[in-house]
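Here are the chains, one letter per residue:
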Amino acid sequence: MKSAVETLNPTRVRLTVEVPFEELKDSLDAAYKKINQQVTVKGFRKGKVPARVIDQRFGRGAVLEEAVNDALPKFYTDAVNEAELNPLGQPEVDITELKDGETLNFTAEVDIRPSIEIPDYSGIEVEVDAVEVTEEDVDKAVEELRERFASTAPVERAAEDGDVVTIDLEAKVEGEVLEDGVADGVSYTIGSGELLDGIDDAVKGVEAGGEATFTSELKGGSAAGKEAEVTVKVTQVAKRELPELDDEFAQLASEFDTIEELRADSRKRLENTKQYDQATQAQERVLEKLLELVEVPVPDKLLEDEVNTRKHNLEHHQLGQMGLDLEKYLEIQGKTAEEFDAETKEAAVKGIKTQFVLDELVKQEKLNVSQEELTEHLMRRAASSGMSPDQFAQAVVEGGQVPLLVGEVARGKALAVVVEKAAVKDTNGEVVDLDDEDEETEAAEAEAAEEKTEG
């Protein structure tokens, strides 16, 4: 076999391959054997039909077609390896010549990973938000904890903002009660925005035993997206009562004995969260600076596939779970279809460039992924997916996704190398030393690289 490579552009090549006919022998034998098992010829036992009879009865062309289809993947792979190419996606193959007993010639056009030159990145400078926790921040955190321990007590008055009402609901569309549009004994906090649009105004001012009717667009169910006439009956009005902010509350809501200790712990937790956010922000901004330094051509077909994948995942997974379609989503976001397409394309380009650049850094820095690092990453991914580590690991193995996870960890390590050499200061002008952060901050490096790749 002989092969040659023609560069069509920085991300696409054409392979021209010439195969001597004798190299098709194994595939021809396999073709005759396969056809033998599929046909019946009078006078011959099944599977024992001679090759000359198959040629006469079914045509030599059918045999050649079967043999070529069997052999092409191997010859294509050999040509790719010989040229040391990194193909992306499936090739477009064209058989240019097939002479029985003489030769097989074909071409294969395929996108390839572009050659990337990583410049000196040691001079990258970025600014991140300072880690500052105010008394107001602590007050808010303690108040949110206080809200979680609120109790309710029935009251004999009309419902007000913040009250918890027990209600029965009935939804009608075009005068017909929906099968899935009836619910009794629903507990709802007025002002929470957790149910239908318009329900807050409808129930405010209504006492237990009263009812109100309003119109709202249904968010889910069999009539999602349709206007419905909703009747709401209030069966109970209850006032939320918050516990006093004292040592007794601290003992109830935490492992601490005093409210001062509880506030100190809340401050520490807020500082840790802001440090994590600061580290994540540093990863993202360093990555953005790095991408600005590198010229990265993006294959057209790869970009098209990535855009389509992102749209499919949004429409059929994320929006589907929320009971929305793309049109409604764009309306909520206040975007046109053209703006959405432009943003999706921009995110896809950035994701592809990020993967190319960080993968090149993995090679350049000779980075490896240990079993321990892979396990830690798998545990984090399992937690974010809502699956147990064992379930997630099984799904990864069965789906052949282990190399993808290894790639995510390696890219995270590559980004960490760049961040380590970057000058990071906060908005107060203070140098931020990310090496002093805890394990959660280290995880941010892998997550930042993964998120930018995914977009």
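In this numbering scheme, every chain counts its residues from 1 along its sequence in written order. pLDDT decides what is reported in this predicted model: residues at 70 or higher carry local features, side-chain atom pairs at 80 or more are listed and counted, and totals for whole chains, interfaces and linings draw on all residues regardless. Excluding hydrogens and water, the side-chain values take into account all heavy atoms of the structure.

Enquirer: An account of the packing of helix α11 (residues 371-385) against helix α12 (residues 389-398) is needed here, citing residue identities and associated values.
Expert: Helix axes use the C-alpha atoms of the stretch in contact, all axes being lines fitted to C-alpha atoms, and the angles between their N-to-C directions lie in the range 0 to 180 degrees. Each helix is a run of DSSP H or I of at least 4 residues and each strand a run of E of at least 2, with the numbering of both proceeding from the N terminus. Running from amino to carboxyl end, α11 crosses α12 at an angle of 105 degrees, the nearest separation of the two axes being 9 Å. Classified by the angle their axes make, α11 and α12 are roughly perpendicular. Facing α11, whose interface residues are L378, M379, R381, A382 and S385, α12 presents P389, F392 and A393. Grouping the amino acids of the contact of α11 with α12 by side-chain chemistry returns six nonpolar, one polar and one charged. For classification purposes, angles smaller than 35 degrees are called roughly parallel, those larger than 145 roughly antiparallel, those between 65 and 115 roughly perpendicular, and all remaining angles oblique. In what follows, a contact means two residues having at least one pair of non-hydrogen atoms within 4.5 Å. Charged means Asp, Glu, Lys or Arg here, nonpolar means Ala, Val, Leu, Ile, Met, Phe, Trp, Tyr, Cys or Pro, and polar covers whatever is left, Gly included.

Enquirer: Describe the side chain of T103, and please don't skip the residues or the numbers.
Expert: By the secondary structure assignment, T103 is in strand β4 (residues 103-112). Take T103: its relative accessible area is 17%, and that puts it in the buried class. Polar side-chain contacts of T103 include one of 3.2 Å to the side chain of N105. What T103 contacts, discounting residues up to four positions off in sequence, is V19, F21, E97 and L98. Each residue gets one of three labels from its accessible area relative to the maximum for its type: buried under 20%, exposed over 50%, partly exposed in between, using a 1.4 Å probe on protein chains only. Here a polar contact means two N or O atoms within 3.5 Å. Within protein one must be a hydrogen donor candidate and the other an acceptor candidate, and residues neighboring in sequence count only if both atoms are side-chain atoms.

Enquirer: Can you tell me about the nonpolar core, naming the residues and giving the values?
Expert: Side-chain atoms within 4.5 Å are what join buried Ala, Val, Leu, Ile, Met, Phe, Trp, Tyr and Cys residues into a set we call a nonpolar core. Grouped together as the largest cluster of nonpolar side chains are 36 residues, with contacts concentrated most on Y121, I124, L290 and L361. Broken down by secondary-structure element, the contributors of at least two residues to this core are β5 (125-128), α7 (259-293), α8 (300-322), α10 (337-364) and α13 (402-421). A per-element tally of this core places α10 first, with seven residues. With residues near it in sequence (within four places) discarded, L361 still touches I118, Y121, L290, K366, A414 and V418.

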